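Fold and contact review
Here is how the chains run, residue by residue.
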Amino acid sequence: MPVFDHPEFDHHQQIVFGSDEASGLRAIIALHDTTRGPALGGLRIYPYASDAEALTDVLRLSRGMSYKSALADLPLGGGKAVIIADPRRDKTPELLRAMGRLVDSLGGAYITAEDSGTSEADMRHIAEATDHVGGLPRHGQASGDPSPFTAWGVFCALKSAVRHRLGRDDLAGLRVAIQGVGHVGAHLAKHLHEAGARLVLTDVDSAALSRLAEEVGAETVAPEAIADAEVDVFAPCALGAALSADVVERLRARVVCGAANNQLATPEMAERLMARGILYTPDYVANAGGVIEIAWQRRDDYARDDVMAHIEGIGATLDEIFARAERTGQSPATVADDLARERFRPAG
Ligand code: NAD
C-alpha cells in the first residue's frame, strides 16, 4: 500500500497505524499539519472495503481539517482518525478504549471528536483512556452536539454570499432550497424561516421532512427534484459530492451555500459554477461553526457570546474570499485554499 506516493498524500506530518488484538481495533490516525496547534478532527468508524480505502479517506479528511481550522482562525492543525469496522456491529467499549489509548500515545498532538459512525457516548468511552477528546459537554452545556453551531455558521455564510451575489442584506422573501434536513439542515431552516426566507426542503426521510415543513411553512419536493427548484440559494446539507456536473447544469439558484462536506464532486465543478454565474461558498469555510465551538470548549474562558462572535466571523472571512475571487477572476474555492495554505504553511 503506497503512502508517500499516494494521490491523497500532501506531506502529512505523521500517519499512525494502530491495532489491538483483544478488541479487534484496526485504526489509522493522520496528522496533516500541526503548525497552528494540535491536530483536531473527528473519528470515523466505517466498514471500509480495504485498508487502502481507509487510508485514502483519512489522508483526504485530515488535510481538509487543516484548511478548515486555518480559515476559522483557530490555534489548531488538521487531523483525522478512522477505525475499520461496522459501527452498528463492531463498536464496543473495549474497542473505543483501545482507540483512546492509541490517541493518548500521540501525547496531545491529535485531539479526537465525533464524526460519522461515532457519538457523544462513544467519546465518553474514549475519554476513559485519554484526555485528548473534544465534542463532550462542558461549561454547563446539556450536550456536546456541534450541529446548532454549524448551522449558525452556515446562516452567517449564506448572508455574506447573498450580499455579494444578490446585493441584499435582508433575507425576507429570499427563496432557499435545503437538501437534507438532518441535524444541521433543520436548524438552518429555522434560522432562515425566522429571517423571513421562503423555503423548499427535501430529505429521503419523508416523516422528518413533513414535520419540519409544517413547522416552518415550507414547500417540499422529492430528493431528485431539489436541483431544479426555482430558488435564489441552494443549500446542500446532506451528503458529499452534491455538486455533480448534472446538478451544476440544472441549478436555478445564483448562490450555493450549505453545510455538507466536500460538496464539489470534482474540483472542476468550482469553475463550472463560476461559468454559470453561480457563487459557490467554500464548504469548509461555511461549515466551521462546530469546530469553532469545540475549540472554545478547550479554553477556560468559554463564553457563549464570544463563541457566537467567533462563528459570525465566518461571514467576514467569506467577504474577503469573495472580494479576492472577484479581483483575481479565480473561483472562491481556489481563493479559500490559497488563503488557508498561507496561514498553515506560510512561505519560508
Ligand atoms: P445528518 O445525518 O443529521 O443529516 C443529513 C440528512 O440528509 C439526513 O436527514 C438524511 O436523511 C438526509 N439525506 C441523505 N441523503 C439524502 C439525499 N440524497 N437527498 C436528500 N436528503 C438526504 O447530518 P448532519 O449532522 O446534519 O450533517 C449534514 C452535512 O453537514 C454532512 O455532510 C456533514 O458531514 C456536514 N457537517 C456537519 C457538521 C455538524 O456539526 N453536524 C459539521 C460540519 C459538516
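Computed from a prediction, not measured in an experiment: that's the story for all the values here.

Observations concerning the site of the ligand
Lining the immediate environment of the ligand, one finds 18 residues, of which Thr150, His183, Val184, Asp203 and Ala238 sit closest. In the model, an oxygen atom of the ligand is placed 2.7 Å from a nitrogen or oxygen of the Thr150 side chain. His183 is positioned such that a nitrogen or oxygen atom in its side chain is 2.6 Å from an oxygen atom of the ligand. Against a free-state accessible area of 830 Å², the protein chains account for coverage of 71% of the ligand. Here the residues of the shell around the ligand sort into 9 nonpolar, 7 polar and 2 charged.

Description of the packing of aromatic side chains
Under the counting rule described, the total for this entry stands at 5 aromatic pairs. Taken together through their ring pairs, the aromatic side chains of Tyr67, Tyr284 and Phe344 make up a single cluster. Taking NZ or CZ as reference, Arg299 lies 3.9 Å from the ring centre of Trp296, over its face.

Re the domain arrangement of the protein
Entries for the protein in the domain assignment read domain 1 (14–127) and domain 2 (147–335). Once you take the C-alpha centre of each, domain 1 and domain 2 turn out to be 26 Å apart. Contacts between the two partners involve 14 residues from domain 1 and, on the opposite side, 14 residues from domain 2. Summing both partners gives a buried area of about 1,100 Å² for domain 1 against domain 2, and 71% of it is carried by carbon and sulfur. The largest per-residue losses of area from domain 1 upon contact with domain 2 belong to Lys68, Leu71 and Leu74, which jointly make up 47% of the total buried on that side. Seen at the junction of domain 1 and domain 2, the total is 0 salt bridges.

Points about the pairing of strand 8 (residues 198–202)
Buried residues dominate strand 8, accounting for 4 of its 5 residues. Taking the sense of rotation as the criterion, the β-α-β connection linking strand 7 (residues 175–179), helix 5 (residues 183–194) and strand 8 turns out right-handed. Note: strand 8 against strand 9 (residues 219–220), 2 bridges, orientation parallel. Counterpart to Leu201 in the pairing with strand 9 is Thr220. With respect to chirality, the unit in which strand 8 leads through helix 6 (residues 206–216) into the neighbouring parallel strand 9 is right-handed.

Details of the packing of helix 5 against helix 6
For the pair helix 5 and helix 6, the least separation of the axes is 10 Å and the interaxial angle reads 15°. Relative to helix 6, helix 5 is oriented roughly parallel. In this structure, helix 5 meets helix 6 at a crossing whose hand is right-handed. On helix 6, the residues that touch Ala186, Ala189, Lys190 and His193 of helix 5 are Leu212, Glu215 and Val216.

What to know about the nonpolar core
Core analysis: the biggest nonpolar cluster contains 68 residues, and Leu158, Val176, Ile178, Leu192, Leu199 and Leu201 have the highest contact counts within it. Taken domain by domain, this core gets at least three of its residues from each of domain 1 (14–127) and domain 2 (147–335). In terms of nonpolar packing, the next biggest core, distinct from the first, is built from 23 residues, Ile29, Ile45, Ala85 and Val103 among them.

Examining the sheet that holds strand 11 (residues 255–256)
A sheet is described by the order of its strands in space; here 6 strands give the open sequence 9-8-7-10-11-12, paired in parallel fashion. The two strands at the open ends of the sheet, each matched to only one other strand, are strand 9 and strand 12 (279–280). Summarising the sheet, strand 7 and strand 8 pair through 5 bridges and their orientation is parallel. Bridge assignment links Gln179 to a residue of strand 8, and that residue is Thr202.

Rules used throughout
- As a convention, each chain's residues are numbered from 1 in the sequence order in which they are written.
- Local features in this predicted model are restricted to residues of pLDDT 70 or higher, and side-chain atom pairs are both shown and tallied only at a pLDDT of 80 or more, whereas totals for entire chains, interfaces and linings draw on every residue.
- Each side-chain value is derived from all of the structure's non-hydrogen atoms; neither hydrogens nor water enter the calculation.
- Residues are counted as near a molecule or strand when any one of their heavy atoms sits within 4 Å of it.
- Contacts described as polar in this section are N or O atom pairs within 3.5 Å, which, within protein, must combine one atom able to donate a hydrogen with one able to accept it, while residues neighboring in sequence count only if both atoms come from side chains.
- The Shrake-Rupley method, run with a 1.4 Å probe sphere, supplies the accessible areas, and residue values consider only the shown protein chains as cover.
- Three classes are used: nonpolar for Ala, Val, Leu, Ile, Met, Phe, Trp, Tyr, Cys and Pro, charged for Asp, Glu, Lys and Arg, and polar for all others, with Gly counted as polar.
- Stacked, edge-to-face and tilted labels apply to pairs of Phe, Tyr and Trp rings (six-membered ring for Trp) whose centres lie within 6.5 Å, assigned for plane angles under 30 degrees, over 60, and everything in between, in that order.
- Comment: the charge-over-ring label is applied if NZ (Lys) or CZ (Arg) is within 6 Å of the ring centre and within 35 degrees of the ring normal.
- Residue ranges assigned to the domains are those given by an automatic or database domain assignment.
- By definition, residues are in contact when any of their heavy atoms lie within 4.5 Å.
- A 1.4 Å probe defines the accessible area here, and the buried area is the portion of it lost by two parts on being joined, summed over both.
- Take a side-chain nitrogen of Lys or Arg and a carboxyl oxygen of Asp or Glu: if they are within 4 Å of each other, that pair is a salt bridge.
- The rule is simple: take the accessible area with a 1.4 Å probe, protein chains only, and divide by the maximum for that residue type; under 20% is buried, over 50% is exposed, in between is partly exposed.
- Secondary structure elements are defined from DSSP: runs of H or I of at least 4 residues count as helices, runs of E of at least 2 residues count as strands, and each element is numbered from the N terminus.
- Note on handedness: a clockwise path from strand one over the helix to strand two, with the strands aimed away from the viewer, defines a right-handed crossover.
- DSSP calls a pair of strands paired once it identifies at least 2 bridges connecting them.
- For helices, the axis comes from a line fit to the C-alpha atoms of the stretch in contact; other axes are also lines fit to C-alpha atoms, and the angle between any two N-to-C directions lies between 0 and 180 degrees.
- Every angle not falling under 35 degrees, over 145, or within 65 to 115 is termed oblique; those three ranges are roughly parallel, roughly antiparallel and roughly perpendicular.
- Each crossing gets its handedness from the near helix: less than a right angle anticlockwise from the far helix is left-handed, clockwise is right-handed.
- Nonpolar core, defined: a set of buried Ala, Val, Leu, Ile, Met, Phe, Trp, Tyr and Cys residues in which side-chain atoms within 4.5 Å join the residues together.

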